Each structure stands twice: as C-alpha cells, then as structure tokens.
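# Architecture and fold: a report
For reference, the chains in residue letters:
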Amino acid sequence: MDFVEIACAAGGRRSIARTSLDILAAGLLGTVLQPDSNFGMAGSRPAVLVRAATPDDVRITLRFVQDNGLAVSIRGSATQFDTEAEPGCIVLDVTGIDDIDVILGSQ
C-alpha cells in the first residue's frame, strides 16, 4: 500500500494511505491533489492540496483532518499560499467558494 506523509496538528508526521485520500476525493465536488500532482506553486509544499468547491467539501475535509489529527492550512483569497502553509500539511483552498458560514461547536 502506498502512503503519504502528512504533518500532524500535535507535531510530527503521520502516514496516510493514498486509498484514504482517494476516498476523501470521491466524496468531494472539488479536487484533491496528492504529492505527485503539480500544485502550481513555489516555495514550501503541502502534502495534499484540497480545492473545495462547496461548503460541504470544507466540512468533509475538516472532519477528515480532525479524525486523523492532521495539520491544515486554510487558503483564502488573500493568503500567501506558498509562504504561509505549514510544509507537509493539508492545504484547504477555499478561494472557489463565495460564502461559507461557520457555526462553532456544530457537528
């Protein structure tokens, strides 16, 4: 089985099976780019780039990140993608979404 090393929220790294990332991608309308993809960026590289197309993509991705204890950097319209993302993390790109409501404490 093939794995991707992803930074953990508590430090260190965790091996995540590519099949798990494929399952994540299948549940999204957006795209999931893995390390062998061209992220179209310079500088530090994330382990995985998720380009969310809907608020549900954001919810599903954040649940995956939380369930696996992974580090995530959110890319919005003014975020410096290649300099602010933690190397080796999951970057959640929400630039394709016009409106997201955040409800704290919701499941």
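For the structure itself, look to the data block above.
The present account deals with the structure reproduced in this document.

Criteria and cut-off values
- Residues numbered from 1 in each chain as written.
- Predicted model: local features only at pLDDT ≥ 70, side-chain atom pairs only at ≥ 80, totals over all residues.
- Heavy atoms only, no water.
- Helix = DSSP H or I, 4+ residues; strand = E, 2+ residues; numbered from the N terminus.
- Buried < 20%, exposed > 50% of the residue type's maximum accessible area, 1.4 Å probe, protein only.
- Contact = heavy atoms within 4.5 Å.
- Areas by Shrake-Rupley, 256 points an atom, 1.4 Å probe, with all protein chains shown as cover.
- Salt bridge = Lys/Arg side-chain N within 4 Å of Asp/Glu carboxyl O.

## Observations regarding the overall build of the protein chain
The helix and strand inventory of the protein chain stands at three helices and six strands. Each helix and strand of the protein chain, placed in order from N terminus to C terminus, yields the pattern β-β-α-β-β-α-β-α-β. Here the protein chain holds 107 residues, and 39% of them are scored as buried. Restricting to contacts in the protein chain with at least 6 residues of sequence separation, those with at least 24 account for 51%. On the protein chain, roughly 6,200 Å² of surface is accessible, and the fraction owed to carbon and sulfur atoms is 50%.

## A word on the pattern of salt bridges
Tallying each qualifying case throughout the model produces four salt bridges. Among the salt bridges present, the one from arginine 18 reaches aspartate 2, with a minimum N-O distance of 2.7 Å. Within this pair, whereas arginine 18 is found in helix H1 (residues 18–26), its partner aspartate 2 is found in the segment before strand S1 (3–7), the two being separated by 16 residues in sequence. Looking at aspartate 2, the relative accessible area reads 46%, which means it is partly exposed. One salt-bridge network, in which partners are shared between bridges, spans Arg51, Arg75 and Asp93.

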